[in-house]
Amino acid sequence: MSSANGSSLSLWQRSKSTVLVVVVLAIGVAGVNYITASAPKPQRVKPQPVARLVEAVPVTLASSRPYWLSGGEVRAAEQVALAAQVSARVVQLSGQALPGARLTKGTLLAQLEKADFEFALQQQQAALAQAEAQLQIEQGQAALAQEEYAIAAQPLSEQERALVLREPQIASARAAVATARANVQQARLNLARTEIRMPFDGQILARHISTGSQVGSSTPLFEVVRTDHFWVEVKVPRTFLPLLDTTASALVMPAGADPHGHGREASILHVLPGVSDSDRQAVVLLQINIPLGGDLPVLAGDYVSVQLPGRVFEQAVVIDSRYLQDDGTVWVVHQNQLQRRQPEVLFRGREQVWLGKGFSPEDRILSSRVDAAVAGMSVRLQEPRP
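Residues numbered from 1 in each chain as written. Predicted model: local features only at pLDDT ≥ 70, side-chain atom pairs only at ≥ 80, totals over all residues. Heavy atoms only, no water.

(A) Focus on the overall build of the protein chain. If you tally the helices and strands in the protein chain, you get four helices and 24 strands. Among the 386 residues that make up the protein chain, the fraction classed as buried is 33%. As presented, the protein chain carries roughly 24,100 Å² of accessible surface, and 53% of it is formed by carbon and sulfur atoms. (Helix = DSSP H or I, 4+ residues; strand = E, 2+ residues; numbered from the N terminus. Buried < 20%, exposed > 50% of the residue type's maximum accessible area, 1.4 Å probe, protein only. Areas by Shrake-Rupley, 256 points an atom, 1.4 Å probe, with all protein chains shown as cover.)

Pasting the structure below:
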């Protein structure tokens, strides 16, 4: 009896523990649900757009001259090889006649032996004197014949009269005098050609003779170049020719120099009538005066950079060429938004572009690179750097 009661008591105690555990779990689950339900829920907040920071430059209309950057090789306007015009021996070379020497026009370079030419001149002068004397004799005989003809008063034909008055003899004597005078002039010229002189203000490039050299008409003596001006041939696109201002000076600079830096002025002579064989561009001929003088000498054979002037645009906006899009539009900042403008393109150079009408007063040219730019995009302008 007591054994059965003990078993019943143990079963009841186990059931009580189970119920207690269940109640505790239920209370815990209810508490968790309550806490979860009563906790504040996160609210979805719409992100505020952030305007991109960009740089821009003002749109300024002003008078401006476009230019075209090109290059060309400097060459001498005149370069010749001096040769003897008579055959003779070199008896003297001037001490100034050295390669590289700068000499004025008429400077004596070399003296050829002239004794033979002096003798030839004397012979021709004697022949002239003899021809003139013969002419005087014929004129005297013609005067006597005229008197005799007047006394005779005999009618003659025109041909007979000319023979009687010795007109053919006088004509022959006068021709002999003219020939003798020409021979004298030729002898004097040959004598003068024994002096080799500078044909212009210039510089000696090379000397090919020495004292004692026997020279002739085919013997090169000196190579000389004119140095008071040089020429430069510059290629330009055909599209720039209508803008080329031939009354303004071009700027010549050493190759690779800053195109906006110091240079030499050159005058524009002509636009050549042909085009370049290599790229079919037009060719402009420039002239540099006193090329070897000043603090920036230009040598023959130099390759130089050239800035060719265009005619002045009275109202133009000048921007870097990278700001102009391929379709001819320009990104601008207008009231803190990106906008596209289609301005009038006056001239497109290699580094800069000249634009005309097409901008609003409040526009500023976008100078920053903006990926995936679209019209209407909000931007902020960066303050200019001090």
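Having put the structure on the table, let's press on.
(B) View of the nonpolar core. Within the largest apolar cluster, 33 residues are counted, with the highest numbers of intra-cluster contacts made by Leu109, Leu112, Ile209 and Phe222. Taken together, the elements giving at least two residues each to this core come down to strand S6 (88-93), strand S8 (108-112), helix H2 (115-152), helix H4 (167-192) and strand S12 (220-226). Those residues in contact with Leu109 that sit more than four places away from it in its chain are Leu82, Leu93, Ser94, Ala97, Leu103, Ile196, Arg197, Met198, Ile204 and Phe222. Val74, Ala282, Ile288 and Phe347 belong to the second largest nonpolar core, which has 30 residues in total. (Core = buried A, V, L, I, M, F, W, Y, C linked by side-chain atoms within 4.5 Å. Contact = heavy atoms within 4.5 Å.)

(C) Highlighting the side chain of Gln203. For Gln203, the position within the fold is in strand S10 (residues 202-207). Taking relative accessible area as the criterion, Gln203 reaches 17% and is therefore assigned buried. Within the local environment of Gln203, its side chain forms a polar contact with the backbone oxygen of Gly100, the two atoms lying 2.7 Å apart. Not counting residues within four places of it along the chain, the set of residues in contact with Gln203 comprises Gly100, Ala101, Arg102, Met198, Glu223, Val224, Val225, Thr227 and Leu292. (Polar contact = N/O pair within 3.5 Å; in protein donor to acceptor, adjacent residues only side chain to side chain.)

(D) Quick peek at the environment of Asp320. With respect to the helices and strands, Asp320 occurs in strand S18 (residues 313-320). On a C-alpha basis, the gap between Asp320 and Arg348 in space is 9.8 Å, while along the polypeptide they are 28 residues apart. The contacts of Asp320, once residues within four sequence positions are left out, are Glu351 and Gln352. For Asp320, the side chain forms a polar contact with the side chain of Arg322, separated by 3.0 Å.

(E) Examining the packing of aromatic side chains more closely. Summed over all chains, the structure comprises five aromatic pairs. Look at Trp68 and Phe240: their rings are 6.4 Å apart centre to centre, the planes differ by 35 degrees, and that puts the pair in the tilted class. Of this pair, Trp68 sits in strand S4 (residues 67-76) while Phe240 sits in the loop between strand S13 (229-236) and strand S14 (250-254), and the two are 172 residues apart along the sequence. As far as burial versus exposure is concerned, Trp68 and Phe240 are alike and both buried. Note on Trp68 and Phe347: the rings are 6.3 Å apart at their centroids and 70 degrees apart in plane angle, and the pair reads as edge-to-face. Of this pair, Trp68 sits in strand S4 while Phe347 sits in strand S21 (residues 345-348), placing them 279 residues apart in sequence. Phe347 gets classed as buried once you look at its relative accessible area, which sits at 7%. (Phe/Tyr/Trp six-rings, centres within 6.5 Å; stacked < 30°, edge-to-face > 60°.)

(F) Geometry of the pairing of strand S15 (residues 264-275). As defined by bridge partners, S14 adjoins S15 across three bridges and the pair is classed as antiparallel. Across the sheet, the residue bridging to Leu251 is Glu265, located in S15. Looking at chain direction, S15 and strand S16 (residues 282-289) are connected through five bridges and run antiparallel. Residue pairing for S16: Val271 is matched across the bridge by Val284. Between the antiparallel neighbours S15 and S16 lie six residues, among them Arg280 with a positive phi of about 60 degrees. (Pairing = 2+ DSSP bridges.)

(G) Spotlight on the sheet that holds S12. In space, the four strands of this open sheet follow the order S5-S12-S10-S7, with antiparallel pairing throughout. The open sheet has two edge strands, strand S5 (79-83) and strand S7 (102-103), and neither has a second partner. Sheet analysis places S7 next to S10, joined by two bridges and oriented antiparallel. Following the sheet pairing, Arg102 is matched in S10 by Gln203.

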